[in-house]
Amino acid sequence: MLRTETLTVNVGPQHPSTHGVFRMVVTLDGERVVDLVPHFGYLHRGIEKLAEGRTYLQNVPFTDRLDYISGMSNNLAYALAVEKLAGIGPIPERAEYLRVIMAELTRVANHCVAIGFLLNDLGAFFTPVLYCLREREYILDLFEMASGSRMTPSYIRPGGVAEDVPAEFLPAARKVVAQLPAFIDQLDALLTGNEILMARLQRIGILPPERAVALGVTGPLLRASGVAYDVRKAEPYSIYPRFDFDVVTADGQDAYSRYLVRIGEMRQSVRILEQALKDIPEGPVMAEGVRRIRPPAGEAYARIEAPKGELGFYLVSDGSPNPYRCHIRATSLVNLGALRDMAVGHLVADLIIILGSIDITLGEVDR
Amino acid sequence: MHVSESDTISRLQAALPGVHIEPVEGAKDPTFLVEVDSLLQVAAWLRDQAGYDYLSGVAGVDRGERFEVVYHLYSTRGGGALVLKVSRPWDVPEVPSLVGIWPAANLLEREAYDLLGITFTGHPDLRRILLWEGFPGHPLRKTFENKTFAHAEMQATMTSEEVPHAEN
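One structure accompanies this document, and this report is about it.

About the thresholds
Residues numbered from 1 in each chain as written. Chains lettered and ligands numbered in written order. Predicted model: local features only at pLDDT ≥ 70, side-chain atom pairs only at ≥ 80, totals over all residues. Heavy atoms only, no water. Contact = heavy atoms within 4.5 Å. Buried area = accessible area lost by both parts, 1.4 Å probe. Salt bridge = Lys/Arg side-chain N within 4 Å of Asp/Glu carboxyl O. Polar contact = N/O pair within 3.5 Å; in protein donor to acceptor, adjacent residues only side chain to side chain. Helix = DSSP H or I, 4+ residues; strand = E, 2+ residues; numbered from the N terminus. Buried < 20%, exposed > 50% of the residue type's maximum accessible area, 1.4 Å probe, protein only. Pairing = 2+ DSSP bridges. Axes fitted to C-alpha atoms, helices over the stretch in contact; angles between N-to-C directions.

A look at the interface of chain B and chain A
In this complex, chain B contributes 44 residues to the contact, which on the side of chain A involves 38 residues. Across the chain B/chain A interface, buried area totals approximately 3,400 Å², and carbon plus sulfur atoms make up 57% of it. Three residues, Lys28(B), Tyr54(B) and Leu130(B), lead the burial of chain B against chain A; their summed loss comes to 17% of the area buried on that side. Run the count over chain B and chain A and you get five salt bridges. Between Lys142(B) and Glu52(A) there is a salt bridge, with the nearest N and O atoms lying 3.1 Å from each other. At the junction of chain B with chain A, the criterion picks out 22 residue pairs in polar contact (both at pLDDT 80 or more). Looking at the side of chain B that touches chain A, the elements that each hand over two or more residues are β3 (54–62), β4 (66–74) and α3 (105–116) of chain B.

Structure (structure tokens):
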């Protein structure tokens with residue numbers, strides 16, 4: 001009888017399919033994964049510690065650098081936490097609309113990246129992702145117009161937004177949003193029924209709903225397991241209750257369902273954007289008297305539905321101008337906790353797809 | 001304010017008579033201080049009887065003389081947070097692990113262990129997560145000395161050849 005043994009393979013930290021600096025030690029039986037141990041921390045910058053030495057406002061730029069694909073969403077979560085802690089409000093209407101517009105544009109941009117690079121992981125090198133990145137670039141142009149920066153905007157701040165958008169922003173945003181449905185249709189036509197894509201994604205990386213909830217997984221990863229949980233509906237924040245949109249779910253529990261949920265969420269984001277761009281009023285964009293934020297001693301946790309899932313900031317104040325403690329509930333870290341469950345039993349080639357289907361950013365995992 | 005959460009806690013106290021729980025002042029979310037010995041019992045009851053099936057976050061806080069561990073619980077049926085808190089003396093930072101109740105606690109507790117040195121008893125795999133094995137100390141403790149900008153001190157221990165870009 002042929003003697004066989006398992007093989008331990010190190011994947012990463014420098015590896016094109018790990019979407020950053022992430023390492024996993026994989027035990028293989030032939031080509032099949034029998035165990036997986038993730039290793040984190042290669043991008044750890046100590047942001048939570050650094051935050052303790054800076055004022056509430058000075059910490060906004062750090063949040064850009066968490067999930068650097070969706071800086072605007074990170075700004076929003078942090079701003080909501082500071083506002084809750086310090087009792088800042090009400091936020092001016094125009095600022096609320098701008099926040100929702102930026103957050104939903106971010107969601108579309110993030111899902112463009114997630115879907116594009118998932119195709120890269122499949123071996124469809126750089127043709128599908130090019131279409132996605134082209135569309136994302138139009139959105140990043142809008143961010144640059146509003147904040148001066150494509151990816152590190154620091155635009156949404158405690159009390160409102162940094163400054164009003166220039167006069168050309170809203171017409172430009174309406175134009176970008178008007179062309180999004182055609183782009184999503186094109187992506188849908190190109191990919192959804194594609195035989196290779198279906199063969200590679202379906203029944204790969206199964207995550208049953210009970211297990212997903214127990215592991216604390218959120219975002220498209222959770223909704224693709226059939227759990228209709230979205231913070232925008234479960235515990236609404238900002239002005240989301242004013243907009244008509246649906247929570248997109250799929251019940252395949254696999255990588256293909258995650259892809260479908262992301263396509264569906266882009267369409268829902270377009271719906272929200274159309275409503276917000278139609279209704280946005282004129283007016284101030286920063287609440288009155290937000291200067292030298294010194295929250296009373298206490299603590300608050302605020303969370304949002306970021307493109308990748310629940311992102312939250314837990315802030316503790318001792319009454320000084322700096323946070324006493326700033327804990328970041330990192331979506332990507334918790335979602336990565338489901339990787340082993342999903343990967344065991346699959347082939348190595350599928351492991352790369354499963355990791356891609358989670359959609360992580362290491363800046364947020366390691367902080 | 002926070003009627004339904006207080007209601008849940010009253011039901012919990014009726015169901016678990018020996019357990020002592022008190023609300024925390026100054027917190028913006030409904031927060032309750034639990035004794036460390038009853039944490040597992042309370043957590044299991046909240047999950048099974050009150051529908052808190054989703055553990056969102058575990059955060060450690062160094063309060064100077066004590067360590068706090070803060071748990072943010074939600075229900076996937078919707079609604080706001082219920083926050084549990086345990087407090088431990090600074091020199092005995094031991095808390096029972098909740099991995100058996102919510103597997104989500106696994107990585108989050110490792111993070112609190114790594115950055116604050118809080119020990120979660122019963123955790124299946126309590127290792128450092130963001131920093132490397134052998135890192136001196138736990139940086140989120142208030143006693144931790146931040147040497148990020150202490151270049152001069154670092155260079156003092158090097159010979160002049162070892163100092164990178166010394167000519168600059």
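Text resumes after the structure shown.
Overview of the pairing of β3(B)
All names here are of chain B. Of all nine residues in β3, nine are buried; the element is thus mostly enclosed. Bridging between β3 and β4 involves eight bridges; their strand directions are antiparallel. Residue pairing for β4: Asp-62 is matched across the bridge by Phe-67. If you look at the hairpin formed by β3 and β4, you'll find three residues sitting between the two strands, and Gly-64 has a positive phi there, around 95°.

Structural notes on the sheet that holds strand β10 (residues 325–329) of chain A
All names here are of chain A. A sheet is described by the order of its strands in space; here three strands give the open sequence β8-β9-β10, paired in antiparallel fashion. Across the chains shown, the open sheet's two edge strands, defined by having one partner strand only, are β8 (298–306) and β10. Ignoring strand direction, the axes of neighbouring strands in this sheet form an average angle of 10°. Bridge analysis of β8 against strand β9 (residues 309–317) gives nine bridges, and the strand direction is antiparallel. Counterpart to Ala-302 in the pairing with β9 is Phe-313. Docked against the sheet, helix α3 (residues 71–86) engages β8 and β9, running at close to 150° with respect to β8.

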